[in-house]
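Geometric and topological summary
Below are the chains, spelled out letter by letter.
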Amino acid sequence: MLSRTRWLSVPALLWLAFFFLIPLLLVIALSFLERGTYGQVVYAFTLNNYSRIADPLYGEVLLETLAVSLLTTFLTLLIGYPLAYHIARLERGWQHTWLLLVMMPFWINFLVRSYAWVVILRSQGVINTLLLSLGLIDQPLSLLYNSAAVLLGMVYALLPFMVLPVYVSLEQLDRRKLEAAYDLGASPWRAFWHITLPLTKSGVVTGSILVFVSSIGMFVVPDVMGGAKSALIGNVIQNQFLSARDWPFGSALSIVLMLLSVMLIFLYFRAIRVQEREGREER
Amino acid sequence: MKTIIQLHEVEKQFGQQTVIPPLSLAIAEGEFLTLLGPSGCGKTTLLRMIAGFEQPTSGEILLDGQPISQVPPYKRDMNMVFQHYALFPHMTVEENILFGLKMKKVPAAEQQHRLEEVLQLTRLGELRRRMPRQLSGGQQQRVAIARAIINNPKVLLLDEPLGALDYQLRKNLQLELKNLQKNLGITFIYVTHDQEEAMAMSDRIAVMNRGVIEQLGTPQEIYLRPKSLFVATFIGENNLFRHRDAILAVRPEKVKVYKMASGGEQPRRTGRIADIVFLGSLRKIFIQLEAEETTVLAHENGDADPVWQIGERVGLGWAAEDEVTLPC
């Protein structure tokens, strides 16, 4: 049985090997090479790219990126969980409608949607025009090109990645377990806290990782909505490859970013497992 | 005896469909009452209304004299054993059992005391640190019961608690449950579609069909004196004979089979032996009647010498007090 179905994974493995593994190895190799005067790659080994990252400038950007990503993850969870909960409680037909609405933004190009936010938020944008004409303000508010705008854009863009996995885990939750909790004297809130939340943890974990990993490398939103001041590490990497034409340094930054993500996800998993064990031992 | 639960004209509709037409029922304190009926007869809906998971469309439910229709399930002084146990998969056996006391903020010392008591009663002491998925079906079932009875509820509701277990285990647990109920003195309201289970355990049985209680009585009354055609055929095996405007029901063990040659007694019906099935303690004899398109079933002691030939013409008789007249 196994040997026959094993072949089914071959296309995916080939795809990953050619378009993920090999490029990744190239990026790793590239990060140890030198940049030539005209932006070409010089095939000489160096650790220079990595020591450059120690520059506090990059450290600051990296910290800022981590902070924004964590905040984005937290906010999408805060907004996405109740939404997923609401959808999971609807009738079948309505569930499909709502899920369709959640996924609808994917039908429109991401860049276009980001610029739509610019139209809404800029000085002569929808909100400012409205508030001005109502006489509520006499100076346009600067809603765009700051960290808050970046955060708004990130949460907007990544919300579906939180809602969908959480919805799936809520959908699989056996309602009778909740009834059992009510039956044993748990109020709705306590039943949520002791039963629903722990039993949908897998959805929360999946959603958090998806959102966190996506936001840590995000460069379109900060580029379009954050302006020059709010560059995140994704923008710095993008610049190294496109404007600065320093591929080795861009590669080194990518590797560091990747290692950092993997490390954080690992810590996250461990924290959850420890929490689980403590939860079991507490009485 | 004191009434612990009183259903007064309780009615349930789902949308346009009436699942339970107005129904009244009084359940005595300390009694083992079974709601018995085929699937879809409304027995589980009735139980869920008592538990508070469903709202009656009209009517009132009284617990210990107090109306509880407006009381949410988590404030009702009763507990339920769910059909598939509904144990909390992320908690150990011990945590599952303690959940109710924790929610009611019972002092820790008392929690421990009652836990030990219940663990002993349900023989779960050695399994206390296990997770539900590491338990067999029978063990999970015991955890579900322990989790409910640790709260000392006034009433325990059981929704087909043995339904998922195999035959032998079910037999043993039936007796265990019955003894548990006697020892604890808690009122049990037990839902099942298995008539044998109902007979073995109940003080009283309410036979339900299409949302209506067809008959309420002791297992004996239900078996020996069924009041409707449904009860007569749903509980045990029965032979039905048309008799003027009514139907006569006679249990197979009450039907006597005669050799036609023997003379003497005038047989009530005549027929030919169609089939004989040996089941150990008894032998089932199927007789095809001559005058009616009916096959009659008669039971005979398994250790009696087999004297019947397939196709043999025989007479059937029964005592007048063994026939039950039912309205059509």
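To start, this report covers the structure provided alongside it.

Rules behind the numbers
Residues numbered from 1 in each chain as written. Chains lettered and ligands numbered in written order. Predicted model: local features only at pLDDT ≥ 70, side-chain atom pairs only at ≥ 80, totals over all residues. Heavy atoms only, no water. Helix = DSSP H or I, 4+ residues; strand = E, 2+ residues; numbered from the N terminus. Contact = heavy atoms within 4.5 Å. 1 Å grid on protein atoms, 1.4 Å probe; cavity = no way out; pocket = protein on both sides within 12 Å on 5 of 7 lines; lining within 4 Å. Points joined across faces, edges and corners; volume = space filled by probe spheres on them. Nonpolar A, V, L, I, M, F, W, Y, C, P; charged D, E, K, R; others polar. Buried < 20%, exposed > 50% of the residue type's maximum accessible area, 1.4 Å probe, protein only. Buried area = accessible area lost by both parts, 1.4 Å probe. Salt bridge = Lys/Arg side-chain N within 4 Å of Asp/Glu carboxyl O. Polar contact = N/O pair within 3.5 Å; in protein donor to acceptor, adjacent residues only side chain to side chain.

1. As for the side chain of Ser31(A)
For Ser31(A), the position within the fold is in the loop between helix 2 (10-30) and strand 1 (34-35). Apart from the residues lying within four places of it in its own chain, the contact partners of Ser31(A) are Thr46(A), Asn49(A), Tyr50(A), Pro248(A), Ser251(A), Ala252(A) and Ile255(A).

2. Remarks on the layout of surface pockets
All names here are of chain A. Here the second largest pocket defines a volume of roughly 340 Å³. Taken together, 14 residues form the lining of the second largest pocket, with Gly217, Ile237, Ser254, Leu257 and Met258 sitting closest to its centre. Those elements that place two or more of their residues in the lining of the second largest pocket are helix 2, helix 13 (233-242) and helix 14 (247-281). Among the elements that line the lining of the second largest pocket, the one with the most residues is helix 14, at 5 residues. Tallied by class, residues from the lining of the second largest pocket come to 10 nonpolar, 4 polar and no charged.

3. Details of unusual backbone geometry
Residues and elements named next belong to chain B. One non-glycine residue, Glu9, adopts positive backbone phi at about 50°. Mapped onto the elements, Glu9 comes out in strand 1 (residues 3-14). Positive phi values are uncommon outside glycine, yet Lys105 reaches one of about 55°. On the secondary structure map, Lys105 appears in the loop between helix 2 (93-103) and helix 3 (108-121). Assessed through its relative accessible area of 62%, Lys105 is described here as exposed.

4. A short note on the interface of chain B and chain A
Between chain B and chain A, the contact holds 30 residues from the first and 21 residues from the second. By the criterion of area lost to chain A, the three top residues of chain B are Tyr74(B), His90(B) and Met103(B), representing 27% of everything that side buries. Where chain B meets chain A, there are 1 salt bridge. Between Arg48(B) and Glu179(A) there is a salt bridge whose closest N-O contact spans 2.6 Å. Between chain B and chain A we count 6 residue pairs in polar contact (both at pLDDT 80 or more) in total. Contributing elements (two or more residues each) for the side of chain B that touches chain A: strand 6 (78-81) and helix 2 of chain B. A per-element tally of the side of chain B that touches chain A places helix 2 of chain B first, with 7 residues.

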